[in-house]
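# Notes for the structure review
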Amino acid sequence: MIECVRIHSYEAHSLVNGPGKRFVIWLKGCPFDCPGCFNDEARSFIGGRYISLHELEQRIVAADVHGVTLSGGEPFLQAHELVPLMRKCGRRGMDRMIYTGFNFNDLKRDAVPGARELLKETDLLLDGPYKKDIPPDGEWTGSGNQRVIALSRAGMEMKRIRRTEWVEQEYIIDPEGQTVRTGI
Ligand code: SF4
């Protein structure tokens, strides 16, 4: 059986979704309903596409990036599937960052199946729903209630270099000439 995840999209070279050059995967579908959600298309459970974990791994390796970021939709809804991919990325020396609408304490209690296993393969966790009325206090987070939680030595280093003045968005032109806007 081919192991797959359901995604909205991915970007092979992002500079605003964590430190350094990163491969970003936006999973598909989110159970939260944050007013002002920055990514309505990824939040919807309609559509998206399935991609094999093997293909994703190959694309990540080919991108030659510093790290991998999983973003919303809600990555922890596919925790079981994502564990082996993130484990392999870690073994290849990449750092791993995950955005989640869940609270860290709930994830530690396995609020969704596989959550604790995925936390073990996470260096930096950005938790909590987006609250549009609370300004962010540094780069990478969308609102000030979201916590930046280091779960490993690599995560501590990522957190250490987080800036309080930062680039908010980037525009990437893909090989087909389509412009992709990303960032927080
Ligand atoms: S958790 Fe993130 S993806 Fe989900 S609704 Fe909130 S802002 Fe949107």
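See the structure above.
Residues numbered from 1 in each chain as written. Predicted model: local features only at pLDDT ≥ 70, side-chain atom pairs only at ≥ 80, totals over all residues. Heavy atoms only, no water.

### A short note on the nonpolar core
Of all hydrophobic cores here, the largest spans 32 residues; its most connected members are Phe23, Ile25, Ile60 and Phe76. Broken down by element, this core gets its largest block of residues, 6 residues, from helix H3 (residues 79-91). Setting aside residues up to four positions removed in sequence, Phe23 forms contacts with Tyr10, Glu11, Ala12, Leu56, Arg59, Ile60, Ala63, Val65, Gly67, Val68 and Thr69. Core analysis: the next-biggest nonpolar cluster, separate from the first, contains 7 residues, Met97, Leu124, Leu126 and Trp140 among them. (Core = buried A, V, L, I, M, F, W, Y, C linked by side-chain atoms within 4.5 Å. Buried < 20%, exposed > 50% of the residue type's maximum accessible area, 1.4 Å probe, protein only. Helix = DSSP H or I, 4+ residues; strand = E, 2+ residues; numbered from the N terminus. Contact = heavy atoms within 4.5 Å.)

### Structural notes on the pattern of salt bridges
This model, assessed by the stated rule, comprises 16 salt bridges. Across the salt bridge formed by Arg43 and Asp40, the nearest N and O atoms sit 2.6 Å from each other. Taken together, the residues Arg43 and Asp40, both in helix H1 (residues 40-43) and 3 residues apart, mark about one turn of the helix. Under the relative-accessibility criterion, Arg43 is labelled partly exposed at 22%. Of the charged contacts in the structure, one is a salt bridge between Arg59 and Glu55, with a shortest N-O distance of 2.9 Å. Of the two residues, Arg59 and Glu55 are both situated in helix H2 (residues 53-63); the distance of 4 residues between them amounts to about one turn of the helix. You can call Arg59 partly exposed: its relative accessible area is 37%. (Salt bridge = Lys/Arg side-chain N within 4 Å of Asp/Glu carboxyl O.)

### Concerning the packing of aromatic side chains
Per the stated rule, a full pass over the model turns up 2 aromatic pairs. Ring geometry for Tyr10 versus Phe23: centroids 5.3 Å apart, planes at 15°, classification stacked. Residue Tyr10 is located in strand E1 (residues 4-14), and its partner Phe23 is located in strand E2 (residues 22-27); the two are separated by 13 residues in the primary sequence. On the basis of relative accessible area, Phe23 is assigned to the buried category, the value being 0%. When the centroid spacing of 5.0 Å and the interplanar angle of 80° are considered together, the rings of Phe32 and Phe102 count as edge-to-face. Placement of the pair is Phe32 in the loop between E2 and H1 and Phe102 in the loop between strand E5 (95-99) and helix H4 (104-108), with a sequence separation of 70 residues. Under the relative-accessibility criterion, Phe102 is labelled buried at 14%. (Phe/Tyr/Trp six-rings, centres within 6.5 Å; stacked < 30°, edge-to-face > 60°.)

### Quick notes on the sheet that holds E5
If you trace the 7 strands from one edge of the open sheet to the other, you get E3-E1-E2-E4-E5-E6-E7, paired in mixed fashion. Of all the strands in the sheet, just strand E3 (49-52) and strand E7 (147-150) have a single pairing partner and so form its edges. In this sheet, neighbouring strand axes are inclined to one another by 30° on average, regardless of whether the strands run parallel or antiparallel. With 4 bridges joining them, E1 and E3 adopt antiparallel strand pairing. Across the sheet, Ile7 pairs through a bridge with Arg49, a residue of E3. (Pairing = 2+ DSSP bridges. Axes fitted to C-alpha atoms, helices over the stretch in contact; angles between N-to-C directions.)

### A few points about the environment of Leu151
Structurally, Leu151 is set in the loop between E7 and helix H6 (153-160). Each C-alpha atom, one on Leu151 and one on Met97, is 9.8 Å from the other, the two residues being 54 residues apart in sequence. Filtering out sequence-adjacent residues up to four positions away, Leu151 remains in contact with Phe104, Leu119, Thr122, Asp123 and Leu125.

### Structural notes on H3
The end-to-end C-alpha separation of H3 is 18 Å, in line with the 18 Å expected for 13 residues at 1.5 Å each. Every buried residue of H3 is accounted for by Ala79, Leu82, Val83, Leu85, Met86 and Cys89. Those residues of H3 that are buried are in contact with E1, E2, H2, strand E4 (67-71), E5 and helix H5 (115-120). (Expected span 1.5 Å × (residues − 1).)

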